[in-house]
Amino acid sequence: MTSTTAVLVSAAALGTTAVGGAFLAFSSFVMPALGRLPAREAVVAMQAVNVTAVSTIFMMTLFGSGALCLVTGWRAVVGWGTPAASWLLAGSAAYLIGVIGVTVAASVPRNDRLAALDPASAPAAAIWADYLSRWTAWNHVRTVAGLLSGAAFLVASGARAL
């Protein structure tokens, strides 16, 4: 593996694992804690979380890791047949599909619908219950994908020459 590729793979491993860890926190204790609150309070809290999640540091980590996955995935295709190539491609695909894809297709639309919800409205409790269940299920996918991506990059970093 060239030194440039090694740096890219290390950065991708760090970024994808950090994002997977953030999602793990939500799956393991943030969403269960919100699920214990009355629906109105939970909606208000999650609306606030969703606003603050769009921070520079998190967006740079989330989408910067996606950019690194595009580069490492391209390096895998160009260097196909080398020991690290399949791991690089697997790590890139896991993150791009399981984290970025799920975020865009499943998480953001649900967050947008929740943002428009009046927490005091009559249907808020039912909408929150559905949101809690479905958003968390998709977040489990993002968690596993981010952590598997990081693990694949770590395996790739130990492989011989790309």
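Since the model is a prediction, treat every value here as computed from it, not as a measurement.

Chemist: So, the overall build of the protein chain: which residues are in play, and what are the values?
Modeler: Secondary structure summary: the protein chain contains five helices and zero strands in total. In the protein chain, the order of α-helices and β-strands from amino to carboxyl end is α-α-α-α-α. Along the first, second and third principal axes, the C-alpha atoms of the protein chain reach 60 × 25 × 20 Å. Relative to its full complement of 162 residues, the protein chain shows a buried share of 38%. At a minimum sequence separation of 6, the contacts of the protein chain that also span at least 24 residues come to 83%. Surface summary for the protein chain: the accessible area is close to 8100 Å², and the carbon and sulfur share equals 73%. The centroid of the 8 positive side-chain charges in the protein chain is displaced by 17 Å from the centroid of its 4 negative side-chain charges.

Chemist: Could you give me a rundown of the nonpolar core, with the residues and numbers involved?
Modeler: Val19, Leu62, Leu88, Tyr95, Val99 and Phe153 are the most contacted members of the largest nonpolar core, which has 18 residues in total. Counting residues per element, the ones that place at least two in this core are α1 (3-35), α3 (56-78), α4 (85-115) and α5 (124-158). Excluding its chain neighbours within four sequence positions, the residues that come into contact with Val19 are Thr61, Leu62, Tyr95 and Val99. Counting 12 residues, the second-largest nonpolar core is a separate cluster that includes Leu34, Met46, Tyr131 and Leu132.

Chemist: Would you mind going over the pattern of salt bridges in detail, with residue names and values included?
Modeler: Within this structure, the stated rule accounts for one salt bridge. Note that Arg134 and Asp130 form a salt bridge whose closest N and O atoms lie 2.6 Å from each other. Here the residue Arg134 and the residue Asp130 both occupy positions in helix α5, the gap between them amounting to four residues, near one helical turn. Since its relative accessible area comes to 45%, Arg134 is described here as partly exposed. Overall, Asp130 belongs to the partly exposed group, its relative accessible area being 38%.

Chemist: Residues and numbers for α1, please.
Modeler: Because an α-helix packs 3.6 residues into every turn, residues spaced three or four apart end up facing the same way. Here α1 contains 33 residues, and its C-alpha end-to-end distance of 46 Å stays within 8% of the 48 Å for a straight helix at 1.5 Å per residue. At Ser27, α1 shows its largest kink, close to 40 degrees.

Chemist: Before we move on, can you summarise the side chain of Asn50 with the specific residues and values?
Modeler: Structurally, Asn50 is set in helix α2 (residues 39-53). The class of Asn50 is buried, set by a relative accessible area of 16%. With sequence-adjacent residues up to four places away left out, Asn50 is seen in contact with Asn111, Leu114 and Tyr131.

Chemist: Tell me what's going on with the packing of α3 against α4, and back it up with residues and numbers.
Modeler: Put simply, α3 and α4 touch, their axes get as near as 8 Å, and they point 145 degrees apart. Here α3 runs over α4; the crossing is left-handed. Contacts between α3 and α4 pair Thr61, Leu62, Phe63, Ser65, Gly66, Cys69, Leu70, Thr72, Gly73, Ala76 and Val77 from the former with Ala85, Leu88, Leu89, Gly91, Ser92, Tyr95, Leu96, Val99, Ile100 and Thr103 from the latter. Its residues assigned to classes, the contact of α3 with α4 comprises 13 nonpolar, eight polar and no charged.

Chemist: Mind laying out the environment of Val43, listing which residues take part and the relevant values?
Modeler: By the secondary structure assignment, Val43 is in helix α2. Look at Val43 and you get buried, because its relative accessible area is 0%. Sequence separation of Val43 and Ile127 is 84 residues, and the distance between their C-alpha atoms is 9.3 Å. Not counting chain neighbours up to four residues away, the residues in contact with Val43 comprise Leu114, Leu117, Pro119 and Trp128.

Thresholds applied
- Residues numbered from 1 in each chain as written.
- Predicted model: local features only at pLDDT ≥ 70, side-chain atom pairs only at ≥ 80, totals over all residues.
- Heavy atoms only, no water.
- Helix = DSSP H or I, 4+ residues; strand = E, 2+ residues; numbered from the N terminus.
- Buried < 20%, exposed > 50% of the residue type's maximum accessible area, 1.4 Å probe, protein only.
- Contact = heavy atoms within 4.5 Å.
- Areas by Shrake-Rupley, 256 points an atom, 1.4 Å probe, with all protein chains shown as cover.
- Lys, Arg positive; Asp, Glu negative; His and termini not counted.
- Charge placed at Lys NZ, Arg CZ, Asp CG, Glu CD.
- Core = buried A, V, L, I, M, F, W, Y, C linked by side-chain atoms within 4.5 Å.
- Salt bridge = Lys/Arg side-chain N within 4 Å of Asp/Glu carboxyl O.
- Expected span 1.5 Å × (residues − 1).
- Bend = angle between axes of the 7 residues up to and from the residue.
- Axes fitted to C-alpha atoms, helices over the stretch in contact; angles between N-to-C directions.
- Left-handed = near helix turned anticlockwise from the far one by under 90°.
- Nonpolar A, V, L, I, M, F, W, Y, C, P; charged D, E, K, R; others polar.

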